[in-house]
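For reference, the chains in residue letters:
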Amino acid sequence: MKNDTDIIPLRQPHSLDDPLTEIAREGARRMLAAALRAEADAFVAELAETRLPDGRQRVVRHGYGPEREIQTGIGGLSVRRPKVRDRSAENEADKIRFNSAILPRWARRSRSLDALLPVLYLRGISTGDFQEALAALLGENAPNLSLGVLSRLTGEWEAEYGRWQRRDLAARRYAYVWADGVYLQARMEPQAECMLVLIGATPEGKKELVGFQVGMRESAQSWRELLVDLKARGLTCAPEIAVGDGALGFWKALDEVFPSTRHQRCWVHKTSNVLNKVPKSLQPAVKSDLREIWQAETRVAAEAALDVFVEKYGAKYQKAATCLSKDREALLAFYDFPADHWDHLRTSNPIESVFATVRHRTVRTKGALSQKTARLMVYKLVQAAAKGWRRLKGANQLPMVIEGVKFTDGVLDAKNRAA
C-alpha cells in the first residue's frame, strides 16, 4: 500500500534551534574521541617493549567501553572510552591498568561543570529553579544534576572552608583592615546575629578576606573572639589603620588586641548618620557640606570645613553637629597616609560591595539558610569576588607605611624625602 502521508515534527514552543551550538557539540565530541584514542595509543606505545614469555606484546588496545554521555559546558557529549588490556596471566593485582586523565572511569561531568553547579546555587539560583536554569545551559535532558549531586559538591567546599579557617597566618601582614557586621536576613537562629567580616590589604596592595564569624555587630566580645583567633594563628603584626562604622563593637576589641592600630571612621556611614538627624529638605545641603570636609586637600582645610559645619548647623541641629564632631580625629586619620590610598581608607565599601551579592543570595533562599550554610556561602562568594577586587593605588608606598614612615596630608614628610 502506498503511503503518501508525510509526518512533519513540529517545533515545541520551549525549544530552541541553534545550529551553531550543535556544530560546536559535534566538533567537541569528535575532538574528545580523538584525544581519548591518542591517549590510549600513547599508553600502549610506552609499554611496547614489555613482552610476554611467548614474545607477544603484553599491553594492547582492547576495543571500547559502552557509550555514555558526559555533561560539559556546551551540553551532553556521547563518547566511548577506549579500553586497554594486559594479556599477562599473572595475579590480578599486578595487572597494568589504563586510567584516562581526560575521562576518568566513572566521570559523568566535566570538572568545570562540577565547579559551576555550586556557583550557580550560591549566586542566587534557587533549588526549585535549578533544573530549568541548567536545561537552558546544557540542554533539556541533562542527567546527573540532582540536588543530591549539588549537596555532595558543596560538601567539598565545606572541607575547603575548614582548612581556610585553620590556616597559619604567621607569614601574613596587613597594612590596612576594613571591618563591618553584615546582616544577611537568613535563618541564623538568634536574630540579632550577623556576619562579622574583616578584609585586609597586604604590603603588595592586594585586598583579601582575613576572617569572619557569626556574632553580634555591636558586641565587643564577638569581635574580640575573631581578633584573638586571628592573633592565635600567627597574625601578631598590628595593622596600621582600621576602617569601619562607628557603631561597631569592633573598636573596643581592637584597642585590646591591637592597641597600636589607628581608627578611621567610614564616611559613608557617618554621612548617613548625620543626614538622619536633619530634615529631608535640608539633606542635600548638609551632604554637600560634609563632602567639603572629606574631600579637602589638607587636614587643616578639613578641620576648618568641619568647624564651619558645626557652627552652621549646631544651633538648630545639635545632634547632627555632635554626631560629626565627636569622631573628629577618627574621621580625619586618613590624612596621615598616602594620598593614593585615601579613596580606599575613607569608606568600608570593600565589604559593602561584596555583600550586595551575598544579600541577593539570602533573598533567593527566602530565609532558609542555617548558620553553617551562611558561613559557607559567605566564604565562597567573598573568595570569588576577591579575584576582581582592585589593588590599592600607589601600592609601592605600602611598605613605607608598614615601616612607620610619616606622611602629612598624603605626602611624605620633608625629612623623609631628604633621607
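Engineer: Which residues make up the overall build of the protein, and what values do they have?
Structural biologist: The helix and strand inventory of the protein stands at 16 helices and nine strands. For the protein, with 419 residues in total, the buried portion stands at 46%. Relative to all contacts within the protein whose residues are 6 or more apart in sequence, the contacts with residues 24 or more apart total 65%. Summing over all exposed atoms, the protein offers an accessible surface of approximately 22600 Å²; the carbon and sulfur share of this is 53%.

Engineer: Lay out the nonpolar core in plain terms, naming residues and giving numbers.
Structural biologist: One finds Tyr176, Phe212, Ile293 and Leu324 to be the most contacted residues of the largest nonpolar core, which totals 56 residues. The dominant element in this core, judged by the number of residues it contributes, is helix H14 (residues 371–386), at eight residues. Ile293 has contacts with Trp267, Ala302, Ala305, Leu306, Phe309, Leu324, Leu332 and Tyr335, leaving out every residue within four places of it along the chain. Tyr174, Ala179, Ala238 and Phe258 belong to the second-largest nonpolar core, a separate cluster that totals 22 residues.

Engineer: Got a sec to walk through the side chain of His269? Specific residues and values, please.
Structural biologist: Mapping His269 onto the fold places it in helix H7 (residues 267–275). A relative accessible area of 16% places His269 in the buried class. Once residues lying within four places of it in the same chain are set aside, the contact partners of His269 are Asp180, Arg217, Asp245, Ser348 and Glu352.

Engineer: Give a detailed account of the packing of aromatic side chains, specifying residues and quantitative values.
Structural biologist: For the structure on display, the rule yields 13 aromatic pairs. The interplanar angle of 75° and the centroid separation of 5.4 Å between the aromatic rings of Phe334 and Trp342 together place this pair among those described as edge-to-face. When its relative accessible area of 0% is taken as the criterion, Phe334 is described as buried. The class of Trp342 is buried, set by a relative accessible area of 7%. Geometry around Tyr64 places Arg61 over its ring, the cationic atom sitting 5.4 Å from the centre. Cation over ring: Lys207 sits above Trp178, and NZ or CZ is 5.6 Å from the ring centre.

Engineer: Tell me about the packing of helix H5 (residues 220–232) against helix H6 (residues 250–257), residues and numbers included.
Structural biologist: Running from amino to carboxyl end, H5 crosses H6 at an angle of 35°, the nearest separation of the two axes being 8 Å. Remark: the crossing between H5 and H6 carries right-handed chirality. Counted together, Ala220, Trp223, Arg224, Leu227, Val228 and Lys231 of H5 and Phe250, Lys252, Ala253, Leu254, Glu256 and Val257 of H6 form the full contact between these two elements. Of the residues that constitute the contact of H5 with H6, the class distribution is eight nonpolar, no polar and four charged.

Engineer: I'd love a proper account of the pattern of salt bridges, names of residues and values included.
Structural biologist: Under the counting rule described, the total for this entry stands at 21 salt bridges. Here Asp245 and Arg217 are joined by a salt bridge, their closest N and O atoms 3.0 Å apart. Taken as a pair, Asp245 in the loop between strand S6 (241–244) and H6 and Arg217 in the loop between strand S5 (207–216) and H5 lie far apart in primary sequence, 28 residues in all. Accessibility classification places Asp245 together with Arg217 in one group, the buried group.

Engineer: Quick rundown of unusual backbone geometry? Include the residues and the values.
Structural biologist: In this structure, Asp409 is a non-glycine residue whose phi angle is positive, near 55°. Inspection of the secondary structure assignment puts Asp409 in the loop between strand S8 (407–408) and strand S9 (411–412). Using a relative accessible area of 24% as the deciding quantity, one classes Asp409 as partly exposed.

Engineer: Let's hear about helix H10 (residues 318–325): which residues, and what values?
Structural biologist: Along H10, the positions that sit buried rather than exposed are Ala320, Ala321, Cys323 and Leu324. Looking down the long axis of H10, one finds its buried residues gathered within 160° of arc, a one-sided arrangement. Contacts made by the buried residues of H10 are with H7, helix H8 (283–294), helix H9 (299–313) and helix H11 (328–331).

Engineer: Please provide a residue-by-residue account of the packing of H7 against H8, values included.
Structural biologist: In the contact formed by H7 and H8, the axes pass within 10 Å of each other and the chain directions differ by 145°. Both H7 and H8 take part in a crossing whose hand is right-handed. Listed contacts from H8 to Trp267, Thr271, Val274 and Leu275 of H7 are Gln283, Val286, Lys287, Leu290, Ile293 and Trp294. Its residues assigned to classes, the contact of H7 with H8 shows seven nonpolar, two polar and one charged.

Engineer: Go over the confidence of the model for the protein with me, naming the residues and quoting the values.
Structural biologist: Summing up the model confidence of the protein, the mean pLDDT is 81 and the portion of residues at 70 or higher is 75%. Of the regions scoring below 50 in pLDDT, residues 186–190 engages in 15 contacts with residues more than four places distant in sequence or in other chains.

Conventions we followed
Residues numbered from 1 in each chain as written. Predicted model: local features only at pLDDT ≥ 70, side-chain atom pairs only at ≥ 80, totals over all residues. Heavy atoms only, no water. Helix = DSSP H or I, 4+ residues; strand = E, 2+ residues; numbered from the N terminus. Buried < 20%, exposed > 50% of the residue type's maximum accessible area, 1.4 Å probe, protein only. Contact = heavy atoms within 4.5 Å. Areas by Shrake-Rupley, 256 points an atom, 1.4 Å probe, with all protein chains shown as cover. Core = buried A, V, L, I, M, F, W, Y, C linked by side-chain atoms within 4.5 Å. Phe/Tyr/Trp six-rings, centres within 6.5 Å; stacked < 30°, edge-to-face > 60°. Lys NZ or Arg CZ within 6 Å of the ring centre and 35° of its normal. Axes fitted to C-alpha atoms, helices over the stretch in contact; angles between N-to-C directions. Left-handed = near helix turned anticlockwise from the far one by under 90°. Nonpolar A, V, L, I, M, F, W, Y, C, P; charged D, E, K, R; others polar. Salt bridge = Lys/Arg side-chain N within 4 Å of Asp/Glu carboxyl O. Arc of directions from axis to C-beta. pLDDT = per-residue confidence, 0-100.

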